[in-house]
Protein chains: 4
Amino acid sequence: MIVVMKAGTPEAEIERLSQEFVSMGLEPEKIVGRHKTVVGLVGETADMDALQLQELSGWIEQVLRVEKPYKRVSREFRHGEASQVFVSTPDGAVPFGEHEPLVIVAGPCSVENEEMIVETAKRVKAAGAKFLRGGAYKPRTSPYAFQGHGESALALLAAAKEASGLGIITEVMDAADIEKIAEVADVLQVGARNMHNFSLLKKIGAQDKPVLLKRGMSATIDEWLMAAEYIMAAGNPNVILCERGIRTFDSRYARNTLDLAVIPVLRSLTHLPIMIDPSHGTGKWEYVPSMAMAAIAGGTDSLMIEVHPNPSKALSDGPQSLTPDRFDRLMTDLAVIGKAVDRWTDSPLPVLA
Amino acid sequence: MIVVMKAGTPEAEIERLSQEFVSMGLEPEKIVGRHKTVVGLVGETADMDALQLQELSGWIEQVLRVEKPYKRVSREFRHGEASQVFVSTPDGAVPFGEHEPLVIVAGPCSVENEEMIVETAKRVKAAGAKFLRGGAYKPRTSPYAFQGHGESALALLAAAKEASGLGIITEVMDAADIEKIAEVADVLQVGARNMHNFSLLKKIGAQDKPVLLKRGMSATIDEWLMAAEYIMAAGNPNVILCERGIRTFDSRYARNTLDLAVIPVLRSLTHLPIMIDPSHGTGKWEYVPSMAMAAIAGGTDSLMIEVHPNPSKALSDGPQSLTPDRFDRLMTDLAVIGKAVDRWTDSPLPVLA
Amino acid sequence: MIVVMKAGTPEAEIERLSQEFVSMGLEPEKIVGRHKTVVGLVGETADMDALQLQELSGWIEQVLRVEKPYKRVSREFRHGEASQVFVSTPDGAVPFGEHEPLVIVAGPCSVENEEMIVETAKRVKAAGAKFLRGGAYKPRTSPYAFQGHGESALALLAAAKEASGLGIITEVMDAADIEKIAEVADVLQVGARNMHNFSLLKKIGAQDKPVLLKRGMSATIDEWLMAAEYIMAAGNPNVILCERGIRTFDSRYARNTLDLAVIPVLRSLTHLPIMIDPSHGTGKWEYVPSMAMAAIAGGTDSLMIEVHPNPSKALSDGPQSLTPDRFDRLMTDLAVIGKAVDRWTDSPLPVLA
Amino acid sequence: MIVVMKAGTPEAEIERLSQEFVSMGLEPEKIVGRHKTVVGLVGETADMDALQLQELSGWIEQVLRVEKPYKRVSREFRHGEASQVFVSTPDGAVPFGEHEPLVIVAGPCSVENEEMIVETAKRVKAAGAKFLRGGAYKPRTSPYAFQGHGESALALLAAAKEASGLGIITEVMDAADIEKIAEVADVLQVGARNMHNFSLLKKIGAQDKPVLLKRGMSATIDEWLMAAEYIMAAGNPNVILCERGIRTFDSRYARNTLDLAVIPVLRSLTHLPIMIDPSHGTGKWEYVPSMAMAAIAGGTDSLMIEVHPNPSKALSDGPQSLTPDRFDRLMTDLAVIGKAVDRWTDSPLPVLA
């Protein structure tokens, strides 16, 4: 922390403040400038609130933070190395990471019935996906909208898993459901609307399954990383970060603004793997192929794409879903970019078993 | 819902689509314009998703919603009348509402120890507040920051309640805590970060204590009202809406942008009472008096103001807290505006017992 | 400026960098912390770009600015005193400022014909306004929309001025029009869309009439003050700052988000007078009274309110205009708040002649 | 336009309103729904303001627009075909368009001296760029910052053009400078801060050189297209649209949020060519390669990249500039993606002469 004093601060006040810093276990170091004095604070300041420090004296003009607020998620925590997150699936463990092949996750917004989820699983598996996404519990803006089939949908996901060999990713909305979801799911998803639900983050961090953490719709990158820090601090190091579009001033055409620049930004800040969701990120299936291609070229480690056998009849988020046929064609296009950047594997088998 | 067809849509397609609408229980009514045909859908369309309907045909250009998505929270639901929310306190029931005196809620961000919370309670009571705010469970961006004293803080709130006669407002972060919090609190608060936590909304709607619903930091007014609809749909009609600042592109001086225009907007849309929180809304105590005055003149029904006996030592949010002395002076100023708009009562006793 | 070096920076690199700072005319002062070294730069750093400095060495982690980027607009520039901006009108000079009575500006979005502008002028004068607003040149999103009557409208404004005794405020969109507009107008307005038009700011700063500077729709407070700095640096000290709503994620009900917290924020940063425009700020006349009342209680020095004799026939911005009758009623309500905060004068004559 | 009447509107009022619509030259067509009546307006409604219409009766609940506000820029205007914009350069005409090879524009933020601009021009030409960017007139937030060398910089651009054979793109900030800039420049740029400067748009539309229109930092896609419509309506059909990042709630790491989804969105709405500027779009050179790759894979027609021989000494925007060496390496990487999507030409000569 760096404390900037106002011009004209009496020497005695700087002295008093320095004593106060010492009593807080900090070592103050002073620079006397031409107009202003600046006090650097040496010691454990990561948990301190800059604004709070400012209250210590009316003579303080500004308090500037030098340290990053997160530790375990930071790239430095792993000495600059990317981490790999291995997820077990019926067909073997699949690694997510900067130096791993691209992982494709596909499936419907919500699990509607056995036929649709099994069919979708088989189709996306055949096209090259490694994971099936599908909601059993759905966060919906309206209490009157379809809320997911809940527990019974979990059984359908289990059936799809068995039929296809795909790993399962599904959302946890309520900490009370973690245990039963974890029986079926290989990755537990925290949705954008719960990124700031710290109670849930702590509990999901206290279990063993890897976690997919979606960015809150108006979360800063620091807040997103701090949410991941909650999970890691609770004991679970296997976190994948998923960008799904942020809220901005224009949602007339694309429902959200897909912030692809998080790819290089996160790469420099954290060791955790990155996933991009162009389906929620744009809200329209017509825009998905372009943004999926862009995400791969931009360096993402993984993609999550909505696929539904009949989008016009989908119980949720149909407009952003591709049909299985369109998904097949998209995978062909993605392979071209994936190979160009050397992140594609044609093998239908995971690279690691 | 109004379905706008593209120019040149074949008559047969409009016919087919109309059949589909009929099969969904809707009555389609057609306007054949000069260039385009428009189909009005009569029937129960409130739960339908406009984008979803659009998937029914590639010839659909746009689907426009005519109805509001919420029912119970709407002003029409009470035939244009404002609702009153009565909250019991040791000193009698206090009404919140458009035609009631202004209600002042004050207290620290978090409950730190018995002395500070009891002292604060007495001071704000003496100055005219009817409720004490104070967090036992605190949502914090960092897992390493003070998370509130939890259950033991509830006992301290109970002590402050008894000592002062004030009603208690405190936040619920985890549905598992509702019961024990409700033993002490007179109003359960849903914080901004949980406004989209639908599991919590349903459970808090299923209990009896009045609910203070803070606006999510990037929630639209419709989303905020839909969150209130979740609580009302679950059976609890006693909801107070609290604006606490939204997230915008500029947070250099004020931490959030306090959206005071919600006062006239909400007044026209809903019957529910309105509270403004200028402390979180600006993030700096220096800006609180101006915005508190503005809120009263603008027509708020209630104010929530942070007060801490020693802001520089506060364990959370000190910079936005007034000292008790500053709060005394502010109440004097607020009374001037409150009386000018005829919403102020000097009586230290609630108007209703 | 404060330069934070990365942990592990070689001593020789800090030495080299320090030489570089000296060659730039700065005095570097070093704090060696436990993990990091910080270099404070003493000297003329106000014009330097923090990001630019960072390019000087790959070992620099961060450059933090200590100084404010503006000078002439800052409160310190006038030793903490508020400035008064005097504007001449046919009825005498009217002062704008923190310690002056509230000034009301009213009138239509655009000047449509002589009858309407003269009638409006007389009505708003009778109700207590001191200035008539009215656009001769109108910024319109569509090239096909009414662009204002231009030069001929200036003659109508002159007629209204003579008929009413009101001062005239009108917008300059093109520097080529300054001279002819200044013949009629008492205050030249720079609109929100031109707040970043630096060519115009320089030219308007080089003439003598007072300037009303509207905030750009996504301008930060610092950018807004820097735009004022452009005008003052060009020689014109008579600038009034007008908040007219910013662009945020929600424009469903209110067209913009009126940022009333600029009142206390600007008060602490600048000596310049403040105006609030609740008409553009909300976009609906129904919301104008509440926000006008709030602005006065919050401490504004001036209000700009749209009034049109027949809003449904207005050639621009009708929906946000009050009728003269509604304006009369609003002025009665505003007087109540204005008197409560001691900023109201009943005198139809300006306080200064 | 579709006019939704409130529930319970008297038949007589609907009748009166219909008469009014007829008197405005429109044909009203009525749908009587179960609760509400809806009136469709047939005729020339493109220039009408929805909010304005709403003022015609207090019984109107909502007015919904069916038509797009722009004409000439719309894809339909060219019957679904993309347009080509040909720009002459010393080496021949270069086409911009959906079916053309990718065009790379590179160069410094501002022209500093002859040596640097000529050197940069030669280096980026050798690497495959077709155009040199470089500012003679610079929009700067601070009046005290370097404002560009103005007219003398134009001579330097002319020298660089002659030395390299590259076309020149430079910004116009003041309509008074158009003529002299057009003597040197092959493309006139309208910067983000002037996208809403309608006077400038009209004047730049009245001259012949192709125009590069940058998106305003908080402009919606509709507003951006309307700005292009201004230029086309004034007679100039050669407009290229450049995304350069928008303003959102998070600018801690990337200065702006690069909105790459504009690529598929614009493709569906307009026939005009698209350019992406990842340098301004992110504000840091480290992020540029990832976003440049993403833009190509996403389908952009053109890229604008800042290159400076010595970024740490740049007079403006150094931190977002690549060195010529880094630019060389980037071009090698871009070629890989460009070839994968079949938009790359190795030929140093333009495809069209």
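Structural data are supplied above this passage.
Residues numbered from 1 in each chain as written. Chains lettered and ligands numbered in written order. Predicted model: local features only at pLDDT ≥ 70, side-chain atom pairs only at ≥ 80, totals over all residues. Heavy atoms only, no water.

**Re the overall build of chain A**
Okay, so step 1: For chain A, the helix and strand inventory stands at 11 helices and 14 strands.
Okay, so step 2: Viewed in the frame of its principal axes, chain A has a C-alpha envelope of about 75 × 45 × 45 Å.
Okay, so step 3: Restricting to contacts in chain A with at least 6 residues of sequence separation, those with at least 24 account for 68%.
Okay, so step 4: A total accessible area of about 11,700 Å² is found for chain A, and carbon and sulfur atoms account for 50% of it.
Okay, so step 5: Averaged over its 37 positive side-chain charges, chain A has a centre that lies 4 Å from the centre of its 46 negative ones. (Helix = DSSP H or I, 4+ residues; strand = E, 2+ residues; numbered from the N terminus. Contact = heavy atoms within 4.5 Å. Areas by Shrake-Rupley, 256 points an atom, 1.4 Å probe, with all protein chains shown as cover. Lys, Arg positive; Asp, Glu negative; His and termini not counted. Charge placed at Lys NZ, Arg CZ, Asp CG, Glu CD.)

**With respect to helix α10 (residues 288-298) of chain A**
Residue and element names in this part refer to chain A.
Okay, so step 1: Taken across its 11 residues, α10 has 10 buried, putting it largely inside the fold.
Okay, so step 2: Considered for burial, the residues of α10 that qualify are V288, S290, M291, A292, M293, A294, A295, I296, A297 and G298.
Okay, so step 3: Positioned one or two residues after α10, G299 has a phi angle of 110°, which is positive. (Buried < 20%, exposed > 50% of the residue type's maximum accessible area, 1.4 Å probe, protein only.)

**As for the sheet that holds strand β4 (residues 60-64) of chain D**
Residue and element names in this part refer to chain D.
Okay, so step 1: Ordered by their spatial adjacency, four strands build an open sheet running β2-β3-β1-β4, and the pairing between neighbours is antiparallel. Only two strands of the sheet have a single neighbouring strand rather than two, namely β2 (27-32) and β4. Strand-to-strand twist of the sheet, defined as the mean angle between neighbouring strand axes without regard to direction, takes the value 20°.
Okay, so step 2: Sheet topology places strand β1 (residues 2-5) next to strand β3 (residues 37-42); three bridges connect them, and they run antiparallel. The residue of β3 that forms the bridge with V3 is V39. (Pairing = 2+ DSSP bridges. Axes fitted to C-alpha atoms, helices over the stretch in contact; angles between N-to-C directions.)

**Thoughts on the relation of the copies chain B and chain A**
Okay, so step 1: Superposing chain B onto chain A takes a rotation of 180° plus a shift of 0.0 Å along the axis, which leaves an RMSD of 0.1 Å. Look at the turn and shift together and you get a two-fold axis relating the two. Every residue of chain B has its C-alpha some distance from the rotation axis, and the shortest such distance is that of S218 of chain B, at 3.1 Å. (Least-squares fit on C-alpha atoms with pLDDT ≥ 70 in both.)

**Side note on the relation of the copies chain D and chain B**
Okay, so step 1: For the pair chain D and chain B, the superposition axis carries a translation of 0.1 Å, the fit reaches an RMSD of 0.1 Å, and the rotation angle comes to 180°.
Okay, so step 2: Residue by residue, 100% of the interface of chain D is reproduced at the interface of chain B, so both copies engage with the same surface.

Worth remembering: the numbers are spatial, not functional.
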